[in-house]
Amino acid sequence: MQKKLNRIYDGHMQALLFWMCWLVYFASYIGRLNYSSAMPAMIGGSVITASQAGFISMVYFFAYGAGQFLNGMLADRLHPGKMIFAGLFASGLLNLVMGFLSGFGMMALFWCANGYTQAMIWPPIMRIFAKMMTEERKVKYCVHITSTMAVGTLASYLLSAAMIAAAGWRFVFYAAAVCMCGAALVFWRGFAKVEAYSMGHGAAEAYGGVVECGNVVEYEERAERGKVIEYEERAEQGKTADAGSMPFGRLLTASGLLFLLIPVVVHGVLKDGVTSWVPTYISETFMASPTLSILVTTMLPVINLTGAYAAQFMYRRFFQKHEVKTASFFFLIATGALVLLWRFSAVNMFLTAGLLSVITASMMAVNTLFVNLLPLHFEKEGRVSTVSGFLNAMAYLGCAISTYGIGVLVQHVGWQVTIFGWLAMTAAALAVCFILRKRVFTVKMSMKEETFHEQMGLSGRRVQPR
């Protein structure tokens, strides 16, 4: 039986926990994007063909997307620290093996496995944030952790470039393996320290009450202590049973998440699928050199980071902490930028690069809202990791399809029609979000739970720690 995750109220320990999670997610980018960096050298060395390279990339995304959903369900049941360590360390070992391979079939198989092991990292991170951090910090850290994308992307590109220049493409995978396995070991030691602290000083919460842990928590009404503790024990048992018994399909329909699939998939198409084609688009449209095209691509993750913080600002300041309302705003911005890109894409390379930056930054904002913040609504159901994993899986399904589909469209109908297709999808996602702008995405308390609250004399009350 796994240990209960206790909420931590000490700011320094919460910060340490965040940086441990930041480290592993940053390291995962090094072992994820290094393949893209090594592809030109692998193709140039006749190790694989261009079509084979594209297939290997596609199976990675499919495995990563499927793994997000499966591991999301597992992360709500298994020890999150062990799961993160196993995923990152296994991914490091798979990167090490990739450096020794030369055949297309084995490369596809091992990189597919890498996609699945990488998907073991994000869902348990979301569970750790939901269960071990205070309300204010978990939202802040859910936004801050998106910086791993920009820093990890740059680190992966720079490390890969240095390895290729110094020793060849195989050392791209060797170096990534060292970084990932080292980060996994650091995380294991750091998380063990935080977990030990939480067991002695934290507080395990259930339905708004607090189970006392150590000498940290006192109840405001000592006369109610026996009733509250009895309530918490029974509520926790009922919560565990309900989380395990409610089918995920029912959770999707009862909460309304099913209606968000179109915006979630579309944002995956634009955030990752389009980004992967930016160098080719700029190179073919403006006859730019490969170096300049790659430079533009390298800068996109840095610009995208502004989208995550813009999402946090708009979410808190103007949209009453409502994720779909805020997402509607960023889909509107992306739609406007796509209209301009469709009409004026061939006018100026810097205008085009700027518009593409606005589009991808807007989708990073949507990603922060849907994948990082929205799943926190399902903490009481014990389904934070499951919901986050499912939404991330749907986003990467869109990414996997678009990685191949954009190439087919460009080959047969050209870039103008392809961009119009992006515009049509984004407009459809905007329409769905606008329709759902007032919907609250959570599972309502059942009649059984309401009756239980009344029997315990706790209706309408929340017992808080001092």
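Here the structure is a predicted model, which is why all the values come from computation and not from measurement.

A. Highlighting a nonpolar patch on the surface. A cluster of nonpolar side chains, namely Leu 70, Leu 74, Leu 78 and Tyr 116, defines an oily patch on the protein surface of about 320 Å² accessible area. With respect to the helices, strands and loops of the structure, Tyr 116 is situated in helix 4 (residues 104-118). On the basis of relative accessibility, which here comes to 31%, the residue Tyr 116 falls in the partly exposed class.

B. Highlighting the packing of helix 15 (residues 384-413) against helix 16 (residues 415-435). Running from N to C, helix 15 and helix 16 point in directions that differ by 135°, and their axes come no closer than 7 Å. The angle between helix 15 and helix 16 falls in the class oblique. Here Ile 406, Leu 409, Val 410 and Val 413 of helix 15 lie close against helix 16, whose contacting residues are Trp 415, Val 417, Thr 418 and Trp 422. The class makeup of the residues in the contact of helix 15 with helix 16 is seven nonpolar, one polar and no charged.

C. Region of the structure containing helix 14 (residues 349-373). Across its 25 residues, helix 14 extends 35 Å between first and last C-alpha, which sits within 8% of the 36 Å expected from 1.5 Å per residue. With 21 of its 25 residues buried, helix 14 lies for the most part within the structure. Where helix 14 begins, one side-chain oxygen reaches toward the backbone nitrogen of Leu 351, 3.0 Å away; that side chain belongs to Asn 348.

D. Summary view of the nonpolar core. Core analysis: the biggest nonpolar cluster contains 120 residues, and Ile 125, Phe 129, Leu 260, Phe 331, Leu 341, Phe 370 and Trp 422 have the highest contact counts within it. Of the residues forming this core, the biggest block, 16 residues, is contributed by helix 1 (residues 11-44). Setting aside residues no more than four positions away along its own chain, Leu 260 makes contact with Val 324, Phe 370, Leu 374, Leu 436 and Phe 441.

E. Seen up close, empty space enclosed by the protein. The final tally for this structure, using the stated rule, is two cavities of 30 Å³ or more. Taken as a whole, the largest cavity holds about 160 Å³ of empty space. Lining the largest cavity are 16 residues, and of these Tyr 25, Tyr 29, Lys 271, Asn 367 and Asn 372 sit closest to its centre. Ranked by residues supplied to the lining of the largest cavity, first place goes to helix 14 with four residues. Counted by class, the lining of the largest cavity contains nine nonpolar, five polar and two charged residues.

F. Spotlight on the side chain of Asn 114. Here Asn 114 lies in helix 4. Not counting residues within four places of it along the chain, the set of residues in contact with Asn 114 comprises Gly 31, Tyr 60, Ser 91, Leu 94 and Asn 95.

G. Just the environment of Lys 380, in detail. Along the chain, Lys 380 falls in the loop between helix 14 and helix 15. Here Lys 380 falls in the partly exposed class, since its relative accessible area comes to 42%. Taking the C-alpha atoms as reference, Lys 380 lies 9.8 Å from Ala 130; in sequence the two are 250 residues apart.

H. A look at the packing of aromatic side chains. Taken as a whole and assessed by the stated rule, the structure comprises 27 aromatic pairs. Ring centres 5.9 Å apart and planes at 45° place the aromatic pair Phe 319 and Phe 329 in the tilted group. Of this pair, Phe 319 sits in the loop between helix 12 (290-317) and helix 13 (323-344) while Phe 329 is found in helix 13, placing the two residues 10 residues apart along the sequence. Under the relative-accessibility criterion, Phe 319 is labelled buried at 18%. Stacked on the ring of Tyr 29, the Lys or Arg Arg 32 has its end atom at 4.4 Å from the ring centre. Seen from the ring of Phe 434, Arg 437 lies directly overhead, with NZ or CZ sitting 4.1 Å from the centre.

I. Local environment of the packing of helix 1 against helix 3 (residues 80-98). Across the interface, helix 1 lies against helix 3 with an axial gap of 10 Å and an inter-helix angle of 25°. In terms of axis orientation, helix 1 runs roughly parallel to helix 3. Between helix 1 and helix 3 the crossing geometry is left-handed. Contacts from Val 24, Ala 27, Ser 28, Gly 31 and Asn 34 in helix 1 reach Ile 84, Leu 88 and Asn 95 in helix 3. Per-class residue counts for the contact of helix 1 with helix 3 are four nonpolar, four polar and no charged.

What counts, and where the lines are drawn
- Residues numbered from 1 in each chain as written.
- Predicted model: local features only at pLDDT ≥ 70, side-chain atom pairs only at ≥ 80, totals over all residues.
- Heavy atoms only, no water.
- Patch = residues over 30% accessible without salt bridge, like charges linked within 9 Å, V, L, I, M, F, W, Y side chains within 5 Å.
- Areas by Shrake-Rupley, 256 points an atom, 1.4 Å probe, with all protein chains shown as cover.
- Salt bridge = Lys/Arg side-chain N within 4 Å of Asp/Glu carboxyl O.
- Helix = DSSP H or I, 4+ residues; strand = E, 2+ residues; numbered from the N terminus.
- Buried < 20%, exposed > 50% of the residue type's maximum accessible area, 1.4 Å probe, protein only.
- Axes fitted to C-alpha atoms, helices over the stretch in contact; angles between N-to-C directions.
- Parallel < 35°, antiparallel > 145°, perpendicular 65-115°, else oblique.
- Contact = heavy atoms within 4.5 Å.
- Nonpolar A, V, L, I, M, F, W, Y, C, P; charged D, E, K, R; others polar.
- Expected span 1.5 Å × (residues − 1).
- Polar contact = N/O pair within 3.5 Å; in protein donor to acceptor, adjacent residues only side chain to side chain.
- Core = buried A, V, L, I, M, F, W, Y, C linked by side-chain atoms within 4.5 Å.
- 1 Å grid on protein atoms, 1.4 Å probe; cavity = no way out; pocket = protein on both sides within 12 Å on 5 of 7 lines; lining within 4 Å.
- Points joined across faces, edges and corners; volume = space filled by probe spheres on them.
- Phe/Tyr/Trp six-rings, centres within 6.5 Å; stacked < 30°, edge-to-face > 60°.
- Lys NZ or Arg CZ within 6 Å of the ring centre and 35° of its normal.
- Left-handed = near helix turned anticlockwise from the far one by under 90°.

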